[in-house]
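# Residue-level structure breakdown
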Amino acid sequence: MRVTETNIADSFLNSVNKNRERIVQLQTQLATGKRVNKSSDDPQAAESILRLKSMLSLNEQYQKNVGDAQSVMEMTEGALDSFANVLLEMRELVTRASNGTHAGELGIYADRIDSLLDEAVNIANTKFGGKYIFGGTQTLDAPFIMASDRSAVTPSPKGITGSIQFPVSEGLSQVVNIDGQEAFQGTAIFQAMIQLRDDLRSGQFPTVAQKDSISSMYDYVLGKGSKAGSILQSLDALNTHLTVQKTQLEGLLSIQQDADVAESIMKLKHDEIMLDAALNTASRILPKTLLDYLR
Amino acid sequence: MAGISTILEVARRALMGQRLGMNTTSHNIANASTPGFSRQRVDLVASMPLPVQGGYIGTGVLADHIGRIRERFIDQQIRSSNDLLGDASAQYSILSQVEALVNEPSDVGLGNALNEFFLAFQNLAVRPEESSSRNAVLQQGTLLTQKFYSLNNSLTQLRDNLIDDVKLKIQKVNQLTKELSDLDIMIVSAAAVGSDPSDLKDSRDLKLEELSRLVNTKVSEDERGSIMVSVGGTVISSRGGAVALRVQVTGSQIAIVGDISGSEVRAPSGELGGAMKIYNTTLPDYMAKLDQIAATLISRVNTLHSGGRGLGSPAPTGLNFFTGTTAQSIAVNSSVLSNTDNIAASADGAPGNNQTAMAIAAVQNEKLMSGNSISISQFYNGWVSTIGASINSAEGTSKAQELVLQQMENQRNQVSSVSLDEEMVNLMKYQRAFDAAARVVATVDDLFQTILDMR
């Protein structure tokens, strides 16, 4: 085979070029920490990366949604507990009123129940983040309105029903409110309180039926409280699920996207050695001609 | 009848022959690194012997022919490899620009803007009453439309710039064919007087090679050494002259036509072919896909949005969220932009109802594209992957052709390139022969002296 200076120079340049090309690629991988920097680095992986990134950002949004839902439900649970406590206090008052009380003292109990009524209406009109939590989907209007003469509590004319659902996972939504109709049987509880107050004020002793109905109202509201509690529990479970999912997604993303630093460095080292060898050989062979040996 | 003067004549021819050899060697050394140069060789032959009694007597050496050492077959192979390489490398370089414009996977691409847009609607579903979440929807919606617009715009610009690129390449082709035609005339007229113009042939081959990178050529040579270059059946250069080409833009397609004839010249490969394929097929296809994404998004979001209700409005607003129909024209409806309450989050008008916002957020994973088989995001991700794959295939082809080309060039260099060692050896050979011939002259001189001294 005839080998000329041009052959030697060309093949040297070609191999050095290829080597440098690989080194640049590895350098980019190491500098960015990413194996896929352009879609052409690995088209399939690029598609997966985009999909995983979108799933990750959805996951983060779901976690935020669940967080919001948890705050609302904690608020709801707390409000229902306080409401149940109001009813509990009312039952004690009624018990005390029916046992050994002068008819003349009933007015004091009536006043106490009137203030409990205020408390109950306030609780039912609890706002969280500027929104009425018992208003159903009518979140911007107070769900329960006390008449100015305090003779009645009426629901908001816009309504107090409607369930609110948050998206909490892929294709899954969770109801995150208990509307006023469901929580307090509409205005039935308030009307019963008003009836009791007016009866006491007019000197009537509370009946056994009234006492029993307060007990059943208490149980009812307590039941709604535990419904809120069970929603909270499922939200907690969702949160855990989302956190686990996030870790998994991040792991998958890393597999597709991240450079294996150790491997890249090893490859870089290898290419460095090859480059060194090529340069070294070339520096020995390229300058040699017959001229060196002719006098 | 050979006399002493015949010896002198033989020596003279020897001196001339060796000098010619040294001359050629010197020419080779001088052009050792000239691109396209093939080493030349003097073919020395023994000149016609004189018949004498008892046989023939030699009459010395003759320089029969000075020619270049070249393999025509490798040249052909290199040219055909060259046009494939030109095609793939042109596509690769343009597609890499497309890739840089699309800029995926990243946090600033259209994919992320799409995600953020749908997330903003999900956030609106959680807080339908708050103006902050409504503003976020507008902000992300506007960002998304800007992304669509700027991506479409830069792709359009890239495509427009390709016309200039193709024009420049055609200018280069026209220049080369003109030079080729001129060279051809010179070569044929040199051949007519019996000489072999190696250097002219070298530069003609070099021009042919440059031309073959730009466009797929077919070269035929006649017995007089004249060549005819044709592209897609049209002769563009011959001894008769060159045919100038130009770009013709018809609607959204470009074609190469003869400058005078106006008839199309088919150039399916080479750098020109590659650039034209991208202009005529690839980029329009990419942009159509982008438009498809925009159109689907616009129509689905608008359908849901116009059926929903704004904040504080019990009747459906009937307002579209987006205006426009394509990636270029997509924009957020100005009536929505001017009043955040006009964003429809509610299905029944209740401020806490978030059904419409949730439905719009769910569009992200709704199977709306490709015959309702994949979602908008999946379609977009697939699009990004397609671009990457096209680049990979162009890169693969161009690397493979480069390798083939390197190997063939290596082969050609083995045959044609100058080896300094070889030339040095030849130089010494010619020098020794020259020395010896000079010695013959000196000896003949002595002989003459001897004869003249005879008395």
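Here the structure is a predicted model, which means the values were calculated and not measured.

### Description of the overall build of chain A
Of the regular secondary structure elements, chain A holds 7 helices and 6 strands. Seen in sequence order, chain A has helices and strands lined up from the N terminus as α-α-α-β-β-β-β-β-β-α-α-α-α. Relative to the globule expectation of 19 Å for 295 residues, the C-alpha radius of gyration of chain A, 38 Å, shows a markedly less compact shape. In terms of principal-axis extent, the alpha carbons of chain A reach across some 140 × 35 × 25 Å. Residue burial in chain A is summarised as follows: out of 295 residues, 33% are buried.

### Here's the deal with the domain arrangement of chain B
Residues and elements named next belong to chain B. What the domain assignment lists for chain B is domain 1 (4–69 + 419–454) and domain 2 (106–383). Put simply, the middle of domain 1 and the middle of domain 2, counted by C-alpha atoms, are 67 Å apart. Contact residues are listed per partner, giving 9 residues for domain 1 and 7 residues for domain 2. When residues of the side of domain 1 that touches domain 2 are assigned to their parent elements, the largest contribution, 4 residues, is made by strand E4 (residues 61–68). In the side of domain 1 that touches domain 2, the residues fall into 3 nonpolar, 5 polar and 1 charged.

### A few points about the sheet that holds strand E6 (residues 227–231) of chain B
Residue and element names in this part refer to chain B. Reading across from one edge, E5-E6-E7-E8 is the order of the 4 strands in this open sheet, with antiparallel pairing throughout. In this open sheet, the two edge strands, each paired with only one partner strand, are strand E5 (218–221) and strand E8 (241–242). Alignment of E6 against strand E7 (residues 234–238), held across 3 bridges, turns out to be antiparallel. When the bridges of E7 are listed, Val229 appears paired with Ser237.

### Focus: the packing of helix H2 (residues 43–98) of chain A against helix H3 (residues 110–126) of chain B
The geometry of H2(A) relative to H3(B) is characterised by a closest axis approach of 10 Å and an angle of 15 degrees between their N-to-C directions. What the angle tells us is that H2(A) and H3(B) run roughly parallel. Both H2(A) and H3(B) take part in a crossing whose hand is right-handed. For the pair formed by H2(A) and H3(B), the contact residues are A:Leu50, A:Ser54, A:Ser57, A:Gln61, A:Asn65 and A:Asp68 on the first element and B:Gly111, B:Asn115, B:Leu119, B:Gln122, B:Asn123 and B:Val126 on the second. Along the lines of polarity and charge, the residues of the contact of H2(A) with H3(B) split into 3 nonpolar, 8 polar and 1 charged.

Analysis parameters
- Residues numbered from 1 in each chain as written.
- Chains lettered and ligands numbered in written order.
- Predicted model: local features only at pLDDT ≥ 70, side-chain atom pairs only at ≥ 80, totals over all residues.
- Helix = DSSP H or I, 4+ residues; strand = E, 2+ residues; numbered from the N terminus.
- Rg over C-alpha atoms; globule rule 2.2 N^0.38 Å.
- Buried ≥ 20, exposed ≤ 12 C-beta atoms within 10 Å, placed from the backbone.
- Domains from an automatic or database assignment.
- Contact = placed C-beta atoms within 7 Å.
- Nonpolar A, V, L, I, M, F, W, Y, C, P; charged D, E, K, R; others polar.
- Pairing = 2+ DSSP bridges.
- Axes fitted to C-alpha atoms, helices over the stretch in contact; angles between N-to-C directions.
- Parallel < 35°, antiparallel > 145°, perpendicular 65-115°, else oblique.
- Left-handed = near helix turned anticlockwise from the far one by under 90°.

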